[in-house]
Amino acid sequence: MSWQTFILHFFTYGILLYSIILLICYVLIGAFSISETRSYLHKNSFTDYRMLASSTETPSMSILAPAYNEGANIIENVRSLLSLHYNNLEVIIINDGSKDDSLEKLIRAYDLYKVDFFVNQQIKTKPVRGVYKSYNPVYRKLIVVDKVNGGKADALNVGVNIAKNDYFVCIDVDCVLEQDSLLKLAKPFLESTNQRVIAAGGVVRIANSCEIEGGRLVKVNLPKQFLPRIQTLEYIRAFLLSRMAWTKLNGLLLISGAFGAFDREIVINCGGYNTNTVGEDMELVVRMRRYMEERDEPYKVAFIPDPLCWTEAPSTFKILGRQRNRWTRGTIETLRFHKVMLFNPRYGILGMLSYPYWLFFEFMAPIIEFFGTIGMIIYCFTYAVNWSAIMIIVGVLCMGILYSIFAIMMEVLTYNQYRGRKDILRLVGVAILEPFVFHPFVVWSAIRGNIDLLRKHNSWGEMTRTGLATEKKAS
Amino acid sequence: MVSKAYLLSVFSIWHIQNIVLAGIILLILGLLVYMLSYMYFKSVYDKKFDKWSLISDLLIRKAVFYDDEEESEGDSAIPVTARAEKLMDNKHFRKLLINEIMSAKRSITGISADNLKHLYVQLGLDKYALGNLSSGRWYIRAKAIQELTIMSMHEFVDQLCLYADDKNDLVRMEAQSALIQFNGFDGLHFLDTVTYPISNWQQIKLLQQLSHLPPANIDMTQWFKSDNSSVIIFTLKLARIYQRFDLYYDIVSCLDHPDPLVRYEAIHCLNEIYTDETSDDFISRFLGEILKNQLAMIKVMETVGTEKDVLFLLDLLNHENDEIKIGAARALVQSNKDGMVSLEKYSKESNDSINEIVMHIKGEVAA
């Protein structure tokens, strides 16, 4: 066998083997997801959340919402947070050195005054310029913090320092939450008896084209634009399949930064959010898990499949590219910070399964796919490609489509947010188009993320949002 | 020349690939057909359910307004239409009817509620529920217990009692709730024997149920000695909510329990049930406690602290942990009328961080 043939075979069969293992993982994810979702739905049918809403024994929670230049919608967004159904709640808005008039607007709208507040710097942060509370007792739950700009992670750390409750929920201030979202998110912390629940996440859905009134979601619609619609499918796949499956294995590494609840004591013991990464949400969960593993304390990261939080998805390739670039950098940074866990039995599922999966199939998949595509193009030009290779590619593409359709089926059988048959068929159409239109762009953005990281380019990447205001009805 | 064996091997690989690809495409089509059929049949069933819903509504309405003496002569059966009786063999209709009866039963009391129970038994739905108690699936067992509880089927309480320490948490929860529903505070005697932990969720549920009953002075002392920490925690909550001052020394004894969660709940409980000695009980145990419980003790000292604790609290203002300092400053101000004066005097002789804390506390007091 010549060396060229050897390289050719190594390349072809290597990618084939990788694809087969990845497909097996997808089959297992599907199976675990079904089991976990069924179990959750059965349990949920016995749950009366109104009981929790009226009880004085509910755990206290603090909502942390960092805001940077959110002046356009901040008043309605804060009002929406203040109206959530939960007894023991404080809402902390952290103005992260906004250059617009967010703070002034908040002061005027909520009748705020500056208080003498000793900020216990349990986690080191950029300086706090002032803490504001309202003269109006109606807004007694509200605390507004004004601080020097330091990024999302730093703003959240300030919130963690100021929060006085046992649990905190971090959210993106422009997200729309379901009214009972906190009650549902509190449940995993109350249910567990033999493991400490250190964090809990809920499903984030795409709000583009949905009808929103007074900061509340009143009607769910499938996004009209192509990119948000394709991301709708992507989110269903990620949240209903992947995260549910990892929850079953107690191996979940990521709780979305847009909406997640955390045990404040553990977060402080771990040192809070890492300000040196753009993937602070994933990094925190991994560090908390590592902390618990190293102390041999039984713990759990919970996830619930109910749609609790609605967010605006990027609707242009430019913004989407920045987002995916950042996600890639965040993943690599997190994996690099915690590389000691790779195949380390001391970390149990975390080291033997979750970490390797993220390394080989979340971080490396776009790279392998990118070079595989380039290789295939070269083969085509050199006539080295044969039918067999083309069939393998077609097979892998079909498996991708199958996985997406399976996710749509899970959605239909469970929460069925998009009720019309036309909407479901549109999603199926998107599932067929995705591997050809959307996926190559996501792979390319991930490659750019890798390159940017090598160049030490670590900016957040401006996430200009068109705003959900277009979908909002006058309140 | 290409050998025959090579051709065969290529063919077989080609063949396998085709089969796999065809299999994947068939699976895609299969899922699509299944999903669309599901949606179609669901819409058909939804329409059917709307009709059934009308039938069950009518049945429930008849039962609710049924007047035994007026409408029957000898026979006390609630009139059921032939259509409804025929539909009783259909398990989907039965499920719908049971859900609607339960929903109605939850919201009404008195004779109407008794009539609903009457209808439930008359239709033999209790027999189905009893049968479901022995199902292999936990959610069917739990649902059966819930159903019998809501329908006030007191006669089955002994059977439900057997599930109060079931290995499945949902079955256990429903059975424990059933015991409270049927026996009130006496139902709490499952705490004598329960071996599995009672989750905080279940504790909230039980407390909620008990809050609808008139308070009863039941004997709780043996629960403080339980090997099950969650039983002690729940008992401490009961003692706090029902202001059981007679249990003071049992509560204080929990401050020495090996489980920090029990100690935490005991500290919390002493915020409501305390004597002049309570702060001394805290101070003597303070150094041996974990941080969370130390903070809880300081918090409770806002209520139970007295003049004799001033020195202890002032001493804590030197603590290395700022949370302890803030808590101590707050307790000093809240528990003593001269607390603010002592704090200001102390701050004049101390560092900047204490001054900031004093300003913080002053701000809180002013608000």
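### Description of the overall build of chain B
On a plain count of helices and strands, chain B comes out with 19 helices and zero strands. The C-alpha atoms of chain B give 32 Å as radius of gyration, which overshoots the globular expectation for 367 residues (21 Å, by more than 25%). Its C-alpha atoms give chain B principal-axis dimensions of roughly 100 × 90 × 40 Å. Residues classed as buried in chain B amount to 32% of the 367 residues present. Within chain B, contacts between residues separated by at least 24 positions form 65% of all contacts whose residues are at least 6 apart in sequence.

### Focus on the overall build of chain A
A count of helical and extended segments in chain A gives 14 helices and 13 strands. In terms of principal-axis extent, the alpha carbons of chain A reach across some 80 × 50 × 45 Å. Relative to its full complement of 475 residues, chain A shows a buried share of 45%. When contacts within chain A are restricted to residue pairs at least 6 apart in sequence, long-range pairs at least 24 apart make up 79% of them.

### A look at the pairing of strand β8 (residues 196–206) of chain A
Residue and element names in this part refer to chain A. With respect to burial, β8 is a largely interior element, 10 of its 11 residues being buried. Pairing of β8 with strand β12 (residues 299–311) involves 10 bridges; the strand directions are parallel. By the bridge assignment for β12, Ala 200 is matched with Ala 302. Bridge count for β8 against strand β11 (residues 259–263) is three bridges, and the pairing is antiparallel. For Gly 201, the partnering residue across the bridge sits in β11 and is Gly 260.

### Details of the packing of helix α1 (residues 3–44) of chain A against helix α11 (residues 348–381) of chain A
All names here are of chain A. Direction vectors running N to C along α1 and α11 enclose 140 degrees, while the axes themselves pass 11 Å from each other. The orientation of α1 with respect to α11, classified from their angle, is oblique. The two elements α1 and α11 meet at a crossing, and its hand is left-handed. For the pair α1 and α11, contact is made by Phe 11, Ile 15, Tyr 18, Leu 22 and Cys 25 and by Tyr 357, Phe 361, Ala 365, Ile 368, Gly 372 and Gly 375, respectively. Grouping the constituent residues of the contact of α1 with α11 by class yields nine nonpolar, two polar and no charged.

### Examining the sheet that holds strand β3 (residues 112–115) of chain A
The strands making up a sheet are joined through hydrogen bonds of the backbone, oriented either antiparallel or parallel. Residues and elements named next belong to chain A. Pairing within the open sheet is mixed, and its 10 strands lie in the order β3-β4-β5-β2-β1-β6-β11-β8-β12-β7. In this open sheet, the two strands that pair with only one neighbour each are β3 and β7 (176–177). Set on the sheet, helix α9 (residues 280–294) makes contact with β8 and β12; between it and β8 the angle comes to about 160 degrees.

### Digging into helix α15 (residues 291–304) of chain B
Residue and element names in this part refer to chain B. Taking 1.5 Å of rise per residue, the 14 residues of α15 would be expected to cover 20 Å, and the 19 Å separating its terminal C-alpha atoms lies within 8% of that figure. Buried within α15 we find Asn 293, Gln 294, Ala 296, Met 297, Ile 298, Val 300, Met 301 and Val 304. Where the residues of α15 are buried, they touch α13 (260–269), α14 (278–285) and α17 (322–335).

### Digging into the interface of chain A and chain B
Of the residues lining the interface, 36 residues belong to chain A; the matching set on chain B comes to 39 residues. Those elements giving two or more residues to the side of chain A that touches chain B turn out to be α1, α2 (49–54), α6 (181–191), α12 (387–413) and α13 (421–437) of chain A. Counting residues per element, the side of chain A that touches chain B draws most heavily on α12(A), which supplies 15 residues. Here the side of chain A that touches chain B is composed, by residue class, of 22 nonpolar, seven polar and seven charged.

### Quick notes on the confidence of the model for chain A
The pLDDT averaged across chain A works out to 92; a share of 96% of its residues lies at or above 70. Here residues 470–475 of chain A scores under 50 on pLDDT; set against residues more than four positions off or in separate chains, the count is 10 contacts.

### A look at the confidence of the model for chain B
Residue and element names in this part refer to chain B. When pLDDT is averaged across chain B, the result is 91; 94% of the residues are at 70 or more. α13 holds the highest mean pLDDT among the elements of chain B, 98, whereas helix α2 (residues 68–71) holds the lowest, 61. Predicted complex metrics record ipTM = 0.89 and pTM = 0.91.

### Topic: the nonpolar core
Residues and elements named next belong to chain A. Core analysis: the largest hydrophobic core is formed by 128 residues, its most contacted members being Leu 64, Ile 92, Ile 93, Val 169, Val 285 and Ile 408. Of the residues forming this core, the biggest block, 11 residues, is contributed by α12. Aside from chain neighbours lying at most four places away, what touches Val 285 is Ala 199, Leu 253, Leu 254, Ile 255 and Val 301.

### Remarks on the environment of B:Asp114
When you line up the elements, B:Asp114 lands in helix α5 (residues 110–122). In this structure, the C-alpha to C-alpha distance between B:Asp114 and B:Met88, residues 26 residues apart in sequence, is 21 Å.

### Let's talk about unusual backbone geometry
Residue and element names in this part refer to chain A. A positive phi angle is found at Asp 111, which is not glycine, with a value near 55 degrees. Tracing the sequence through the fold places Asp 111 in the loop between α4 (102–110) and β3. The exposure class of Asp 111 is partly exposed, given the 15 C-beta atoms found within 10 Å. We note that Asn 416 has phi near 45 degrees; this positive angle belongs to a residue other than glycine. Along the polypeptide, Asn 416 turns up in the loop between α12 and α13.

### Here we look at α9(A)
Residue and element names in this part refer to chain A. Its 15 residues give α9 an end-to-end C-alpha distance of 21 Å, which sits within 8% of 21 Å, the value for a rise of 1.5 Å per residue. For α9, the tally of buried residues reaches 12 of 15 residues, placing the bulk of the element in the interior. Those residues of α9 that are buried are in contact with α5 (152–162), β8, α8 (264–270), β12, α10 (317–337) and α11. Of the residues flanking the end of α9, it is Asp 296, one or two places downstream, whose phi is positive at about 55 degrees.

### A look at the environment of B:Ile198
Residue and element names in this part refer to chain B. Structurally, Ile 198 is set in the loop between α9 (169–183) and α10 (200–210). Residues Ile 198 and Arg 172, 26 residues apart in the sequence, show an inter-C-alpha distance of 9.1 Å. Every residue in contact with Ile 198, bar those within four places of it in the chain, is listed here: Gln 203, Ser 230, Val 231 and Phe 234.

### Details of the environment of A:Ser388
As for its position among the elements, A:Ser388 is in helix α12. The sequence separation of A:Ser388 and A:Ala200 amounts to 188 residues, and the corresponding C-alpha distance is 45 Å.

Parameters at a glance
Residues numbered from 1 in each chain as written. Chains lettered and ligands numbered in written order. Predicted model: local features only at pLDDT ≥ 70, side-chain atom pairs only at ≥ 80, totals over all residues. Helix = DSSP H or I, 4+ residues; strand = E, 2+ residues; numbered from the N terminus. Rg over C-alpha atoms; globule rule 2.2 N^0.38 Å. Buried ≥ 20, exposed ≤ 12 C-beta atoms within 10 Å, placed from the backbone. Contact = placed C-beta atoms within 7 Å. Pairing = 2+ DSSP bridges. Axes fitted to C-alpha atoms, helices over the stretch in contact; angles between N-to-C directions. Parallel < 35°, antiparallel > 145°, perpendicular 65-115°, else oblique. Left-handed = near helix turned anticlockwise from the far one by under 90°. Nonpolar A, V, L, I, M, F, W, Y, C, P; charged D, E, K, R; others polar. Expected span 1.5 Å × (residues − 1). pLDDT = per-residue confidence, 0-100. Core = buried A, V, L, I, M, F, W, Y, C linked by C-beta atoms within 7 Å.

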